[in-house]
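Now for the letters of each chain:
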Amino acid sequence: RSGLANIEVGIYDADDADADKWYNGSVFGANTVDWRTTSSTINVANASAPWSYPFAPDTIPSWTPGHQYELHARAVDASDNVSAVSVSTFIYDNVNPTGYLTFPNEGLGDHFESQLSTIAGTCADTTGGPRSGAIGSVQIRIRHIPGDAWWNLAAAGGPNWDSISDENAWFNAFTTNSWTSWYFSGSTPTYISGISYAISMRVYDAAGNVSSVHYST
């Protein structure tokens, strides 16, 4: 058998304003696919080739926020036979999402509620470019302030106040409208009149960016 020779990639910017949408190793400046050699470790025994890009002198592209990219990959053997091309598509998003509490109203001053069976709010995401963003999840946590405890949905015996860490106290909210708004109801605490509580929320987008934390007390 001839064995693998190299792994090549082509990178395409679908939202580049010019015709030269293919990456040439330093800029998006090629009109047709410009196959770039990767750094790969070819294992002759099992014909595998873990690889990474860039491989000098190429540099990683300067991704533009909100643009959609296509990563094309193919293998070439020592006889110059070429594999089928695999394609992966992604939108580059480095912009943090936003989120707010609407019930109860957010802010660190005293808010008074006579009932709070549902916690609710809004969220949004943008990529900073032509493509739309996407919300991944909304998380909330509830703190019993004088008891210095967090509401733990996974507590032994069922949801209860617990001395878990603040980071472990987050749990997921829900949506019925593709994250235009969000809510949590059901396993909420039995609130005691005259006791202060704090509710926090944060948003993750589909790229893993996270919003600032918003509060209501």
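Model, not experiment: these values are computed from the prediction.

Asks: Hey, could you run me through the sheet that holds strand β9 (residues 98-103) in this one?
Replies: Note: strands within a sheet are paired through backbone hydrogen bonds, in either parallel or antiparallel orientation. Pairing is antiparallel across the open sheet formed by three strands, whose spatial order is β9-β10-β15. Two strands in the sheet have a free side with no partner beyond their single neighbour: β9 and β15 (181-185). Adjacent strand axes in the sheet meet at a mean angle of 25 degrees when their direction is disregarded. For β9 and strand β10 (residues 118-124), the ladder comprises five bridges, and the chain directions are antiparallel. The residue of β10 that forms the bridge with Thr98 is Ala124.

Asks: Sorry, what's going on with the layout of surface pockets here?
Replies: Space inside the largest pocket adds up to approximately 520 Å³. Lining the largest pocket are 19 residues; nearest its centre among them are His111, Phe112, Glu113, Ile195 and Tyr197. Taken together, the residues of the lining of the largest pocket break down into nine nonpolar, eight polar and two charged.

Asks: Can you walk me through the side chain of Asp58 in this structure?
Replies: Within the fold, Asp58 resides in the loop between β6 (51-52) and β7 (68-77). At 2.8 Å, the side chain of Asp58 forms a polar contact with the side chain of Arg36. Not counting chain neighbours up to four residues away, the residues in contact with Asp58 comprise Gly25, Arg36 and Tyr53.

Here is what the cut-offs are and how they apply
- Residues numbered from 1 in each chain as written.
- Predicted model: local features only at pLDDT ≥ 70, side-chain atom pairs only at ≥ 80, totals over all residues.
- Heavy atoms only, no water.
- Pairing = 2+ DSSP bridges.
- Helix = DSSP H or I, 4+ residues; strand = E, 2+ residues; numbered from the N terminus.
- Axes fitted to C-alpha atoms, helices over the stretch in contact; angles between N-to-C directions.
- 1 Å grid on protein atoms, 1.4 Å probe; cavity = no way out; pocket = protein on both sides within 12 Å on 5 of 7 lines; lining within 4 Å.
- Points joined across faces, edges and corners; volume = space filled by probe spheres on them.
- Nonpolar A, V, L, I, M, F, W, Y, C, P; charged D, E, K, R; others polar.
- Polar contact = N/O pair within 3.5 Å; in protein donor to acceptor, adjacent residues only side chain to side chain.
- Contact = heavy atoms within 4.5 Å.

Nothing here speaks to function; it is geometry throughout.
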